[in-house]
Amino acid sequence: MGAEQQTTIYLLLDSRGTAIARGRIQGRTDGQFWQIQVEDGKIDKVLEHKKLKLLSILDAGPSYEGTIVRSRNDMIQLEVAKIQRVEGDMRKNLRVAVRFKSLIYPLTGHWRGRREVESNDLSAGGIAFFTDHSLQVGEQLEVVVPVTSEPLVVRCEILRIRPGGHAIMYAAKFVDLCNDEETILREAVFNLQLTGRGM
C-alpha cells in the first residue's frame, strides 16, 4: 500500500458482494487503518454492516476487505487488508440486473443485418440478454450498451444458451475491450448498482 495521498473512489460492498455505497479515501493508505468518507448520504446503510469489501473504480487499483472500527458523521474508519485473489475477476463478475432494449450486429454466424434484444443483466465482463432469434455458442457479435455515459458498441461472444418462454436468454462475454471501454462499462455497472436503476 502506497504512502501517497489517495483520491481514489471505492465501491463499498457488503459481505455478499452487493454494492451499498461509494466512498472516497481521506488521507493516507500506508497503514492498516483508513478513513473513508461515505458519499450520497448512505452512511446509515453502510453502518448496518461490520465488514465491507472495497473495489476501486480504477482497474489498476487493488481490492480490499475492511472491518468498521468507528464512525463519525459521514466518515468511517476501517481496518483493511488486501484481498488475496485475482483482482480483475471480482470487478468483472460484479453484475447488476438491468433491463434495456438494444441491438446486436453479427460478426460471425450466418445472419445479416441487426436484431433486437432485451438485456437481463450486465457486468464489466459480459451481458445476458433475451432474443427470439437463434444464436450459437461461440458466435461473435457487436452489442449496443445504452446505459453507459455514452452509448457503447462492444464485441462479445456467446457463452451459454438458456431456453425459456417466447425468448431465449443468451449469456455473452465481452472480448477485445480497450481500457477505456472497460472503465466505462465498470463505472456504468457501479452506478447502476448504487442507484438501483436495474429491474
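Scoring rules and cut-offs
- Residues numbered from 1 in each chain as written.
- Predicted model: local features only at pLDDT ≥ 70, side-chain atom pairs only at ≥ 80, totals over all residues.
- Heavy atoms only, no water.
- Helix = DSSP H or I, 4+ residues; strand = E, 2+ residues; numbered from the N terminus.
- Buried < 20%, exposed > 50% of the residue type's maximum accessible area, 1.4 Å probe, protein only.
- Contact = heavy atoms within 4.5 Å.
- Areas by Shrake-Rupley, 256 points an atom, 1.4 Å probe, with all protein chains shown as cover.
- Salt bridge = Lys/Arg side-chain N within 4 Å of Asp/Glu carboxyl O.
- Polar contact = N/O pair within 3.5 Å; in protein donor to acceptor, adjacent residues only side chain to side chain.
- Pairing = 2+ DSSP bridges.
- Axes fitted to C-alpha atoms, helices over the stretch in contact; angles between N-to-C directions.
- Phe/Tyr/Trp six-rings, centres within 6.5 Å; stacked < 30°, edge-to-face > 60°.

Participant: I'd like a rundown of the overall build of the protein, residues and numbers included.
Facilitator: From N to C terminus, the protein includes three helices and 13 strands. In the protein, which comprises 199 residues, the share counted as buried stands at 46%. The long-range fraction of contacts in the protein, counting pairs at least 24 apart against all pairs at least 6 apart in sequence, stands at 53%. Element-wise, carbon and sulfur atoms account for 46% of the exposed surface of the protein, whose accessible area totals about 10600 Å².

Participant: Mind laying out the pattern of salt bridges, listing which residues take part and the relevant values?
Facilitator: Taken as a whole and judged by the stated rule, the model has six salt bridges. The closest approach of N and O atoms between D40 and R22, which form a salt bridge, is 3.7 Å. Of the two residues, D40 sits in the loop between β3 (33–38) and α1 (43–46) while R22 sits in strand β2 (residues 19–26), which places them 18 residues apart along the sequence. Classification of R22 by relative accessible area gives buried; the value is 17%.

Participant: Run through the side chain of S119, naming residues and quoting values.
Facilitator: One can find S119 in strand β9 (residues 115–123). A relative accessible area of 1% places S119 in the buried class. Looking at S119, its side chain comes within polar contact range of the main-chain oxygen of V98, at 2.6 Å. Sequence-distant contacts of S119, that is, excluding residues within four places in its chain, are made with V98, R99, F100, I127, A128 and F129.

Participant: Quick one: what's the story with the environment of K42, residue by residue and with numbers?
Facilitator: Topologically, K42 is positioned in the loop between β3 and α1. A relative accessible area of 21% means that K42 is categorised as partly exposed. A sequence separation of 22 residues divides K42 from I20, and the C-alpha atoms of the two residues are 7.6 Å apart. Among residues more than four places away in sequence, those in contact with K42 are I20, A21 and L194.

Participant: Any chance you could break down the pairing of strand β6 (residues 75–82) for me, citing the residues and the numbers?
Facilitator: Bridge count between β3 and β6: five bridges; the pairing is antiparallel. Looking at β6, one finds that I36 is bridged to I76. Sheet analysis places strand β5 (residues 64–72) next to β6, joined by eight bridges and oriented antiparallel. In the sheet register, E65 faces β6, and the bridge partner there is A81. With antiparallel pairing between neighbouring strands as the criterion, β5 and β6 make up a hairpin whose turn holds two residues, including N73 at a positive phi of roughly 55°.

Participant: Outline the sheet that holds strand β4 (residues 51–56), supporting the account with residue identities and numerical values.
Facilitator: One closed barrel holds the six strands; their spatial order is β1-β2-β3-β6-β5-β4, and the pairing between them is antiparallel. For this sheet, the mean angle separating the axes of adjacent strands, direction not counted, is 45°. Packing against the sheet, helix α3 (residues 179–195) makes contact with β1 (9–13), β2 and β4, and its axis sits at approximately 115° to β2.

Participant: Account for the packing of aromatic side chains, naming residues and giving values.
Facilitator: What the rule picks out here adds up to four aromatic pairs. Pairing Y10 with W34 gives two aromatic rings, centres 5.9 Å apart and planes at 50°, and the pair type is tilted. Here Y10 is found in strand β1, whereas its partner W34 is found in strand β3, with 24 residues between them in sequence. Here Y10 and W34 have matching classes, each one buried. The interplanar angle of 65° and the centroid separation of 4.6 Å between the aromatic rings of W34 and Y64 together place this pair among those described as edge-to-face. Of this pair, W34 sits in strand β3 while Y64 sits in strand β5, placing them 30 residues apart in sequence. Assigned by exposure class, W34 and Y64 land together as buried.

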